[in-house]
Amino acid sequence: MAGASDTYVPCTLVIDNYDSYTYNLVQLLREYAKRSEAVTQQKVIVVRNDQYTWKQLQHKILPFIDNIVISPGPGRPDCGADFGVCKELISHNHGIPILGVCLGHQGIATAFGAQIVPCAAPVHGQISQIKVNRDPTATITGGILAGMEDGFRAVRYHSLTVSDDGFPHDQLAVLARATGKIQQFREGGLESTESQEIMALCHRTRPLYGVQFHPESVCSENGALLLQNFARLTCELHPIPRTAASSFMQLPPELSVPWFAHKRDSAEGRFELVSSVVDLSGVDVVKVGERLQRLLYGDDPMPLWLDSATGENMSVLASASNAITVRYDVHKRLVTVVHISETAGVTELHSTQLSAASNDIAPFWAWMQCTVDNTQLQPNAVQTGMPFQCGWIGHIGYGMADGNCGSQNAAKQNSLLSQQQQPDAQLAFVDRCVVLDHCSQPPRAHILALVRRQRKPEGNWLDMLGFADAQQAHAWVQTQTHRIQQSIPALGCHSETDVAVNDGNLLQLSPRTTRGQYLQVIAAAKQHIIRGESYEVCLTTQFESSEGGPCNAVEMHALYLRMRRRSPAPFGALLWYADLQVGLASCSPERFLHTSTDSSGAVHVQMKPIKGTIGRQPQPSVCRCVMHHSDKSSCSQCLEQWQRDDDFRISQLQESVKERAENLMIVDLIRHDLGALAVSAVQVPRLMDVESFARVHQLVTTVDCQLRSDVGCVDALARCFPPGSMTGAPKRRTIQIIAELERQNNNNSDTSQLVLAAQILR
């Protein structure tokens, strides 16, 4: 960003229209501010469009800022519920430069009489070339696009556009238009539509600028340059800052730190770690997880198994029997801490009703972050290179979206899950486990146990976690170590039980909705997109068995093994809660969120969203031209043909505009989610790589960041939950749309029971 004004870096107010890309703009602004050596304090604040009234904004905030960015968002600028205080900001502006993006751009246009109309076709996650208008009368105030060549590429997310009919040319100048064609998807296939919508405008005499495209997208060009130009125009208009050097510190106290963060108290480590390791030389890295689980926990009434069935990551083998477990009811805001015995007897140890949610973050997350902070190892007990060192294992249900996104999901209240009084979140504290590191050479089994420090009895349930006696912990570790060492020959050889799973015993499932009902919901979702209410809606439906599901851990284990054989995945999970008679069996290729801590104590987050899928035929084990081969093995000719077919399907996926658009929308959403927590710009080291699994090829993107020091792993999970790949974007409005569509469909929430994510919190 060299070449920006040397005078000062403007203090910027960002108005968030409840979008899922706002913090990508904030990242660009903050990175620009960081490049100035004179900047020693935060120069960007974010306020939601209904957080303050216009009068409050005038007196509390506007005197202390130099320019304003109005974010994208769902809906229309002529709808007060969608645009909030932004209308007054534009109409009653007193010389403060404003940059509107997407919805903000449309708001500037409507303030001066322009009409907002549907695009020729909705365009979301597609890239267009932008033709810059070189009309001298327009470029007088058109410095917002300075330095940008004709045909630069920019990402678009919009179904509505500023109309050319009745455009107020006497007050506004068109600075750029889209060129080329965009693709739209109809029942019959793909269609191309010519696109010439207005992509940028400015007021002829006032410092008001708008861009319809999204400069903050990871695939847009010139995003940083656009924000640099806006800063330069601000400094040119006001060579001396409108605000005093210290005025930024006079903002309301609630804006002094981001709304989602809370300062973390540094807690002393509570546990010592007892450990042992067994090298598993000669053992099949893929099959060893199943065999070890059967050896150690095959008869356990409440197994907890986080399973890398493809042998790519780690597996955790543990039990919820005799573990202390946290449960949360989102509607009652009730946390209950219980001890569950081997016979499913439940003893309540603690309960508390949390305060109401604020800022769209359920209070449970803050409570759980504090709990995780208070269940850490002593610093000298932490062992490097070990992927997991005991902690919290369980599930976070989609019902937690009610507290996180202000969805008021009425459908959830009527769901089967709610009727059965199941918790929305359940996490068991694992103080002993076996961690299988598939990636080490050779694979290793780490046997771990926690010993709590000696402390005065305070009647606190936290003081009941872990082994009280170090000798007991050592004895447990030694016993498990001996069992594994004695079983290594059996772990490495062929076992008849490995092939005993009968696919014919899979549950017979049927959808809860008819095909006609589901198509109606799809049609309704499309209308929401056409109206500009959402960019992407991810719909689901439930399937249920008339025979009923598993009734105990043995049946649940058998079900999971059948799923595992048919669709092995790097992030599988088997959980069973005996007292509730409820379990979870999951085979997922997608890593939602992973945290790690480096040697300096900095916490790093990685997310790997999957969007974009195409089916894949398994590699043939029997020759297709079996008539010509008596041994029936797969011949080289058949394998070569399979490889050509497989490569062709990969190229189809890579070149699909639709699949790439889906991936990009969620990548930009995740960058926004993490950008609110990151110490610096969120990185995308891998964009839309193809990863191949047993039955599908998928587009996978890697998103990385480092968290600020006041943010913990639960804070990060809270900010990113529910996964955008399971909802769509913008997340808040789309969750509300999904809830309403599902309520209208069958008065039951499908999604609330679908998204159950196994988590490890340490």
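What counts and what doesn't
Residues numbered from 1 in each chain as written. Predicted model: local features only at pLDDT ≥ 70, side-chain atom pairs only at ≥ 80, totals over all residues. Heavy atoms only, no water. Core = buried A, V, L, I, M, F, W, Y, C linked by side-chain atoms within 4.5 Å. Buried < 20%, exposed > 50% of the residue type's maximum accessible area, 1.4 Å probe, protein only. Contact = heavy atoms within 4.5 Å. Salt bridge = Lys/Arg side-chain N within 4 Å of Asp/Glu carboxyl O. Axes fitted to C-alpha atoms, helices over the stretch in contact; angles between N-to-C directions. Helix = DSSP H or I, 4+ residues; strand = E, 2+ residues; numbered from the N terminus. Parallel < 35°, antiparallel > 145°, perpendicular 65-115°, else oblique. Left-handed = near helix turned anticlockwise from the far one by under 90°. Nonpolar A, V, L, I, M, F, W, Y, C, P; charged D, E, K, R; others polar. Pairing = 2+ DSSP bridges. pLDDT = per-residue confidence, 0-100. Polar contact = N/O pair within 3.5 Å; in protein donor to acceptor, adjacent residues only side chain to side chain.

**Student:** Account for the nonpolar core, with residues named and values stated.
**Tutor:** Within the largest apolar cluster, 114 residues are counted, with the highest numbers of intra-cluster contacts made by Phe-364 and Met-400. Excluding residues within four positions of it along the chain, Phe-364 makes contact with Val-326, Tyr-328, Val-335, Leu-354, Met-400, Ala-425 and Leu-427.

**Student:** Mind laying out the pattern of salt bridges, listing which residues take part and the relevant values?
**Tutor:** Pairing is possible between side chains that carry opposite charge, provided their charged atoms lie close to one another. Throughout the structure, instances matching the rule amount to 26 salt bridges. Between Arg-686 and Glu-691 there is a salt bridge, with the nearest N and O atoms lying 3.5 Å from each other. Its relative accessible area of 29% is what places Arg-686 among the partly exposed residues.

**Student:** Give a description of the packing of helix H9 (residues 363-373) against helix H18 (residues 713-720) that names residues and reports values.
**Tutor:** Two elements in contact, H9 and H18, have axes separated by 8 Å at closest approach and are oriented at 155°. With respect to their mutual orientation, H9 and H18 come out roughly antiparallel. Note that H9 runs across H18; the crossing there is right-handed. Along the contact surface, H9 presents Trp-365, Met-368, Gln-369 and Val-372, while H18 presents Cys-713, Val-714, Asp-715, Leu-717 and Ala-718. Of the residues contributing to the contact of H9 with H18, the split by class is seven nonpolar, one polar and one charged.

**Student:** Explain unusual backbone geometry to me, using residue names and the numbers behind them.
**Tutor:** For the bond running from Gln-441 to Pro-442, omega is -5°, close enough to zero to count as cis. With omega at -5°, the peptide bond leading from Phe-721 into Pro-722 counts as cis. For Pro-722, the position within the fold is in the loop between H18 and helix H19 (724-727). In this structure, Asn-322 is a non-glycine residue whose phi angle is positive, near 65°.

**Student:** Give me the lowdown on the packing of helix H1 (residues 22-34) against helix H7 (residues 223-237), citing residues and values where you can.
**Tutor:** Between H1 and H7, the shortest axis-to-axis distance is 10 Å and the interhelical angle comes to 65°. Read as a crossing pair, H1 and H7 show a hand that is right-handed. Note on element contacts: H7 touches H1 through Gly-223, Ala-224, Leu-227 and Ala-231, opposite Leu-25, Leu-28, Leu-29 and Tyr-32. Of the residues belonging to the contact of H1 with H7, the class tally is seven nonpolar, one polar and no charged.

**Student:** Got a sec to walk through the sheet that holds strand E1 (residues 12-16)? Specific residues and values, please.
**Tutor:** As summarised here, the arrangement of the nine strands in space is E2-E1-E3-E4-E11-E10-E7-E5-E6, forming an open sheet in which the pairing is mixed. The sheet is open, and its two edges are formed by strand E2 (44-48) and strand E6 (152-162), each paired on a single side. When strand polarity is set aside, the average angle formed by the axes of neighbouring strands in this sheet is 25°. Pairing of strand E10 (residues 198-203) with strand E11 (residues 208-211), which is carried by three bridges, proceeds in the antiparallel orientation. In the strand pairing of E11, Ala-200 is matched with Val-211.

**Student:** Outline the confidence of the model for the protein, listing residues and values.
**Tutor:** Confidence in the prediction of the protein, expressed as mean pLDDT, is 85, and 83% of residues score 70 or more. Residue range residues 1-5 is modelled with pLDDT below 50. Its contacts to residues more than four positions away, or to other chains, number eleven contacts. Contacts for the low-pLDDT stretch residues 257-261, under 50 throughout, to residues beyond four places or in other chains number 13 contacts.

**Student:** Tell me about the side chain of His-528, residues and numbers included.
**Tutor:** Along the chain, His-528 turns up in helix H14 (residues 515-530). Judged by its relative accessible area of 19%, His-528 is buried. Looking at His-528, its side chain comes within polar contact range of the side chain of Arg-531, at 3.2 Å. His-528 has contacts with Glu-533, Ser-534, Ile-737 and Leu-741, leaving out every residue within four places of it along the chain.

**Student:** Describe the sheet that holds strand E14 (residues 314-319), and please don't skip the residues or the numbers.
**Tutor:** The antiparallel open sheet is built from seven strands, whose spatial order is E12-E21-E20-E14-E13-E25-E26. The outermost strands of the open sheet, each flanked by one partner alone, are strand E12 (271-279) and strand E26 (582-588). The average undirected angle you get between the axes of adjacent strands in this sheet is 15°. The pairing of strand E20 (residues 432-437) with strand E21 (residues 444-452) spans six bridges and is classified as antiparallel.

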